[in-house]
Amino acid sequence: MSDIQAVDIQAVDTRRPAAPQPADPELVARLAATLDEAALAHRTVARLTDTTELDLAAAYRVQRTVIDRRLSRGEALIGVKMGFTSRAKMIQMGVDDVIWGLLTDAMLVEEGGVLDLADLIHPRIEPEIAFLIGSPLSGTVTPAEAVRAIAGVAVAYEVLDSRYADFNFTLPDVIADNASAAGFGFGTWHDPTGMNLSNLGLLVEIDGRVVASGSSAAILGNPLRSLIAAARLAAEVGLELRPGWVVLAGAATAAMPLPEGVHVRVSAAGLGRAEVTTR
Ligand code: OOG
Ligand code: MG
C-alpha cells in the first residue's frame, strides 16, 4: 500500500489557514481581472506571485472573484473540482497540497460532444471520478454520511488550461487561477450503493490509443475521501455542496496534452465511459 493509500480519512490535510488575513479588496479584484481577462483572450499571464505576496486565503479570494465575474456574465455555479488529490498530479505539477476550484455550467461539455480548443491556451485532459450530490453536504462528514449524500457516481474527464505559461505556478497561483479549470464532462450516473470505489481501473484513449491508465485508488486511496475533503472545504468558506452539484474528485493520473481533431475516451471499470471530440 502506498502512503497516499494509507491516508486516514480524518487526516486528509486541506491546509487552508484557520484565520485568513483580510486581503486588500482592490488587489483581489485586480488580480481576478488579470486572470479572467487572460482566459477570455486565451493568453497567458505572469505568475501573480512573481510580483505579489499571496497567501492561500488571499488566493482563494481571487479565485472566488474570478468566478463571481463569470457568474455576473450569466454563468451558474454547478459544482466543485478537487485538485492534487493524487500523488501523480502532485509530482507532475510540483505541489503538495489538496486544493479546490469552482465549476460553472459554461465549463460543462455534453457527453459525446465537441470541444472547441480555439477558446483555450494549452489544454490538457485527465481522467477523474465524478459525484452527483443528492442531498446537501458540508463540514466534517463520515464516509457513511458522504455515501448517503451521493445521488450518482460516474467516470469523468477534466480539461485543464492554466493561465500561466507552461503550467508553471506556485500553489497560490494555481488556486487563484481556479485550479486550472477549463472544462469537464462525465458519463452515465451510477448508483453508488454497495459499489467499491477504492480500486476502479481507469483508461484514457486518444483516437483508440491508450495514453494513460491508473486506478481510482490513486485519488486519496478512495475518491470518497476527496468528496469528504470537498465538504470540509465548502464549510470553511460558508458553502455547502448542493443537490445537483457535481464534485470532480481529482485526476487519477498525470494530465495529457489535448490536441485538436481527436476523439478521447475515458473509461472506468464498472462505470462505462465518457467521450469527447476536439476541434
Ligand atoms: C491544477 C489542477 C489539478 C487535479 O485533478 O489534480 C487537478 C493543474 O494540474 O494544473 O485538477
Ligand atoms: Mg482535475
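In short, a report on the structure. This structure is a prediction, so every number in the text was calculated from the model and none was measured. (Residues numbered from 1 in each chain as written. Chains lettered and ligands numbered in written order. Predicted model: local features only at pLDDT ≥ 70, side-chain atom pairs only at ≥ 80, totals over all residues. Heavy atoms only, no water.)

Some remarks on the coordination of the magnesium ion (ligand 2)
- Coordination of the magnesium ion (ligand 2) by the protein involves Glu126 (OE), Glu128 (OE) and Glu158 (OE), with metal-donor separations of 2.0 Å.
- Donor residues binding the magnesium ion (ligand 2) come from one chain and are separated in sequence as E-x1-E-x29-E. With Glu128 in strand β4 (residues 124-133) and Glu158 in strand β5 (residues 150-160), this pair connects stretches of sequence that are 30 residues apart. In terms of burial, Glu128 and Glu158 fall into one category: buried. (Donors = N, O, S within 2.8 Å, 3.2 Å for Na, K, Ca; no water. Helix = DSSP H or I, 4+ residues; strand = E, 2+ residues; numbered from the N terminus. Buried < 20%, exposed > 50% of the residue type's maximum accessible area, 1.4 Å probe, protein only.)

Topic: the side chain of Ser226
- By secondary structure assignment, the location of Ser226 is in helix α6 (residues 223-236).
- Within the structure, Ser226 has its side chain in polar contact with the backbone oxygen of Ala249 (distance 2.7 Å).
- For Ser226, the residues in contact, after removing those within four places along its chain, are Met82, Thr85, Ile219, Leu220 and Ala249. (Polar contact = N/O pair within 3.5 Å; in protein donor to acceptor, adjacent residues only side chain to side chain. Contact = heavy atoms within 4.5 Å.)

Some details on the environment of Ile133
- With respect to the helices and strands, Ile133 occurs in strand β4.
- For the pair Ile133 and Val276, spaced 143 residues apart in sequence, the C-alpha separation works out to 23 Å.
- Filtering out sequence-adjacent residues up to four positions away, Ile133 remains in contact with Ala149, Ala151, Leu227, Leu241, Arg242, Pro243, Gly244, Trp245 and Val247.

Here we look at the side chain of Ser162
- For Ser162, the location among the structural elements is in the loop between β5 and α5 (171-176).
- Looking at Ser162, its side chain comes within polar contact range of the main-chain nitrogen of Tyr164, at 3.0 Å.
- Apart from the residues within four sequence positions on either side, Ser162 is in contact with Ile121, His122, Phe167, Phe169, Asp177 and Ser180.

Considerations on helix α1 (residues 25-41)
- Compared with an ideal rise of 1.5 Å per residue, which puts 17 residues at 24 Å, α1 spans 24 Å between its outermost C-alpha atoms and is within 8% of the ideal.
- When we look at burial in α1, the residues that qualify are Val28, Leu31, Ala32, Ala33, Leu35, Asp36 and Ala38.
- Buried-residue contacts for α1 involve α2 (56-72) and α5.
- Two or three places before Glu26, at the opening of α1, Asp24 has a side-chain oxygen 3.0 Å from that residue's backbone nitrogen.
- Phi turns positive, to about 55 degrees, at His42, one or two residues after α1. (Expected span 1.5 Å × (residues − 1).)

Remarks on the nonpolar core
- One finds Phe84, Trp100, Phe131, Leu227, Leu241 and Val264 to be the most contacted residues of the largest nonpolar core, which totals 96 residues.
- The contact partners of Leu227, leaving out residues within four places of it in the chain, are Phe131, Ile133, Leu137, Ala146, Ile150, Leu241 and Val247. (Core = buried A, V, L, I, M, F, W, Y, C linked by side-chain atoms within 4.5 Å.)

Some thoughts on the packing of aromatic side chains
- Counted by the stated rule, this structure contains 3 aromatic pairs.
- Measuring from ring centre to ring centre gives 4.6 Å for Phe186 and Trp189, while their planes differ by 35 degrees; the resulting arrangement is tilted.
- A relative accessible area of 17% means that Phe186 is categorised as buried.
- Looking at Trp189, the relative accessible area reads 25%, which means it is partly exposed.
- One aromatic cluster in this structure is built from Phe184, Phe186 and Trp189.
- One Lys or Arg, Arg124, reaches over the ring of Phe167 and ends 3.9 Å from the middle of that ring. (Phe/Tyr/Trp six-rings, centres within 6.5 Å; stacked < 30°, edge-to-face > 60°. Lys NZ or Arg CZ within 6 Å of the ring centre and 35° of its normal.)

Considerations on the site of ligand 1
- Around ligand 1 there are 17 residues in total, and Lys81, Phe84, Lys89, Glu126 and Ser180 lie nearest to it.
- Between ligand 1 and Glu126 there is a distance of 2.8 Å, counted from an oxygen atom to a side-chain nitrogen or oxygen.
- A distance of 2.9 Å separates an oxygen atom of ligand 1 from a polar atom in the backbone of Ala251.
- Protein contact buries 100% of the 320 Å² of open area that ligand 1 shows by itself.
- Going through the elements one at a time, β1 (77-83), α3 (87-93), β4, β5 and β9 (246-251) are the ones with two or more residues in the shell around ligand 1.
- No other element matches β1, which puts 3 residues into the shell around ligand 1.
- Along the lines of polarity and charge, the residues of the shell around ligand 1 split into 9 nonpolar, 3 polar and 5 charged. (Near = heavy atom within 4 Å. Areas by Shrake-Rupley, 256 points an atom, 1.4 Å probe, with all protein chains shown as cover. Nonpolar A, V, L, I, M, F, W, Y, C, P; charged D, E, K, R; others polar.)

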